[in-house]
Structure formats: structure tokens, C-alpha cells
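Examining the three-dimensional arrangement
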Amino acid sequence: MRPHLCFAGIALLVVVAPAIAAETKTERLKQAQGLFQPLPRDMATPEAPITPQRVDLGRLLFFDPRLTVDADVSCSSCHQPARHGTDGLPKSIGVRQRPHPRHAPTILNAGLNFIIHWRGDRDSLEDQVIKALASPITNGQPDEKAIIGRLEQIPSYAPLFKAAFPDDPHPMTSENIAKAIGAYERTLVTPSPFDRYLAGDVNALSPKARGGLDTFINTGCAACHNGVLVGGGMYRKFGVVEPYWKETGS
């Protein structure tokens, strides 16, 4: 009887264990879904709609250095696709080798930020472009007239602006440059297995990754690092729990 009972006990464990594991997976997923959200398909808003024409124009402008004073620096100089939307430098270099006070933040998923720029002084991607166009470091042109004059010398741009802004009698403006580049940047979304997991695919993450998620949540990291961007949704002060410089050795 003992072998039989032992076999029955093992069989019971084999049947029950997967059910318990599945229930644990589901509970973990529900907990994660309460703290995080998957990335959207794009970052369009009612105030910043995305159209194919605006995206096409914005992509060209983003990579075109001819808007700047010496025609040798573009948005992509500091926000390089191969470097995850940054330039990898401690401080970015603008026109005429003028250094920026800080390094370039990534533009990937940046349209979901509640504020733009390290100082929090840009309230949208479009606002960031407008202020970059007027910057002596980023652009270097004396005024908007000089920027538009430069674009007017490139015949291919006029029909593209007209297609992107068909209701505007004078579509080639700084505001529309910002809207077009902003529309392109709002397509730069980087979905990952974590997004598939949050959408309901519990096997999108490996067991090791799911264990790491448990630790991340249970340790308290998710108190600040939550939402669609896993953080960056509010201003936070360093050193609330422990002295920042001492604990990080920065």
C-alpha cells in the first residue's frame, strides 16, 4: 500500500502544483497591472495629432542639419538612433562647438513624460523644438526669419509643409516645424516583452524576470518607478530615504 499511497501523493502534487503556479502568475500579473501600464502604439494627443504627412516632414527635419547656423548640426546629432536617442556624451555639443550644460535625454517614449528637459522647463515635445530653434547653443540662427529663409532655399520642403498643414495659408513656420518634428518623435515608441506581459501574456517574461519583478515591487521601487514609463511621472527629491551622495558614491 505504501508504494501506492506514495504514487498517489506524487500524482496529487503533479496535478495541484501547476494550478498553484498558474494562480501565482495571475496574481503577480494583476499586481503589476495595478502599478504599470503598457506603452501605447504612439504618443499622439488631441493637442498634438499625428498624420503621415507630418511624420514624414518631421523625420526629414529631424535629420536635416541645414536649419542650423552653419548647417552642420541637426536634432539627430544629439539624439542618435544608434545610441538610444542620446549622444552618449557627458555634455552635448551644439553649434560652433558650444557645449550644452547637460547631456541629451533620450527622445524614445519622451512624449509620455509629464514634463520635458532635465530642468523641467519644456512642457511638451513641441515646446522643446520651439525653444531649441531659438537656442544659441542648439541652433545658433539669429531669429525665426533666418531659419525659414534657409528652408525656403530648399525647394522640396514647400510642398511637404503644404501637405502636412493643408489648412494653413503660410505653413512654413517655426510652430509647424515643431509640430512636424513632434509628430515624428511621438512615433518613437519602444515596446518590449514587459509590455506584452502587462497586456496579459504571462509568459512574455522569463521566470527569472518575473522573480525580479516581484523583488522590484516588494522592495518598494515601484513607489516611485511606476506608470507607463516605470517612473519619471513626477518630481522627486533625492535623499528622502538615505543621503543620496553617500549611498550612491556619486
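In this numbering scheme, every chain counts its residues from 1 along its sequence in written order. Reporting in this predicted model follows two pLDDT cut-offs: at least 70 for local features of residues, and 80 or more for side-chain atom pairs to be given and counted; totals over whole chains, interfaces and linings ignore these cut-offs and use all residues. No hydrogens and no water enter the side-chain calculation; it runs on all heavy atoms of the structure.

A few words now on the overall build of the protein chain. In terms of regular secondary structure, the protein chain is built from 10 helices and zero strands. Secondary structure elements of the protein chain, listed N to C terminal, follow the sequence α-α-α-α-α-α-α-α-α-α. In terms of its C-alpha atoms, the protein chain occupies a principal-axis envelope of roughly 95 × 50 × 30 Å. For the protein chain, the residues scored as buried account for 33% of the 250 residues in total. In what follows, residue pairs with any heavy atoms lying within 4.5 Å of each other are defined as contacts. For the protein chain, restricting intrachain contacts to residue pairs at least 6 apart in sequence, the fraction spanning at least 24 positions comes to 62%. In short, Shrake-Rupley with a 1.4 Å probe defines the accessible areas, and a residue's cover is counted only from the protein chains shown. Here the protein chain displays about 15,200 Å² of accessible surface, and carbon together with sulfur accounts for 60% of that area. In summary, the charge assignment counts Lys and Arg as positive and Asp and Glu as negative, without counting His or the chain termini. For charged residues, the charge sits on one atom: NZ in Lys, CZ in Arg, CG in Asp, CD in Glu. For the protein chain, the distance from the average site of its 27 positive side-chain charges to the average site of its 25 negative ones is 6 Å. The helix and strand labels rest on DSSP assignments: H or I over at least four residues marks a helix, E over at least two residues marks a strand, and numbering proceeds from the N terminus. Any residue under 20% of the maximum accessible area for its type is buried, any over 50% is exposed, and the rest in between are partly exposed; the area is computed with a 1.4 Å probe on protein chains only.

In this section: the nonpolar core. Nine residue types can take part in a nonpolar core, namely buried Ala, Val, Leu, Ile, Met, Phe, Trp, Tyr and Cys, and a core is a set of them joined through side-chain atoms within 4.5 Å. Ranked by size, the top nonpolar core spans 24 residues in total, and within it Leu 57, Leu 61, Leu 67, Leu 151, Tyr 157, Phe 161 and Ile 177 carry the most contacts. Secondary structure elements with two or more residues in this core: helix H2 (52-63), helix H4 (125-133), helix H5 (144-152), helix H6 (157-164) and helix H7 (174-185). At six residues, H7 tops the list of elements feeding residues into this core. Setting aside its immediate chain neighbours within four residues, Tyr 157 contacts Leu 57, Leu 60, Leu 61, Asp 64, Arg 66, Leu 151 and Met 172. Among the nonpolar cores identified, the runner-up in size contains 11 residues, and Leu 29, Ala 32, Val 202 and Ala 204 belong to it.

Structurally, Ser 76 can be placed in helix H3 (residues 75-78). Judged by its relative accessible area of 14%, Ser 76 falls in the buried class. Any pair of nitrogen or oxygen atoms within 3.5 Å is treated as a polar contact; in protein, a donor-acceptor pairing is required on top of that, and neighbouring residues in sequence qualify only through side-chain atoms on both sides. Of the polar contacts made by the side chain of Ser 76, one reaches the side chain of Ser 74; its length is 2.6 Å.

Distances and angles like these do not, on their own, reveal function.
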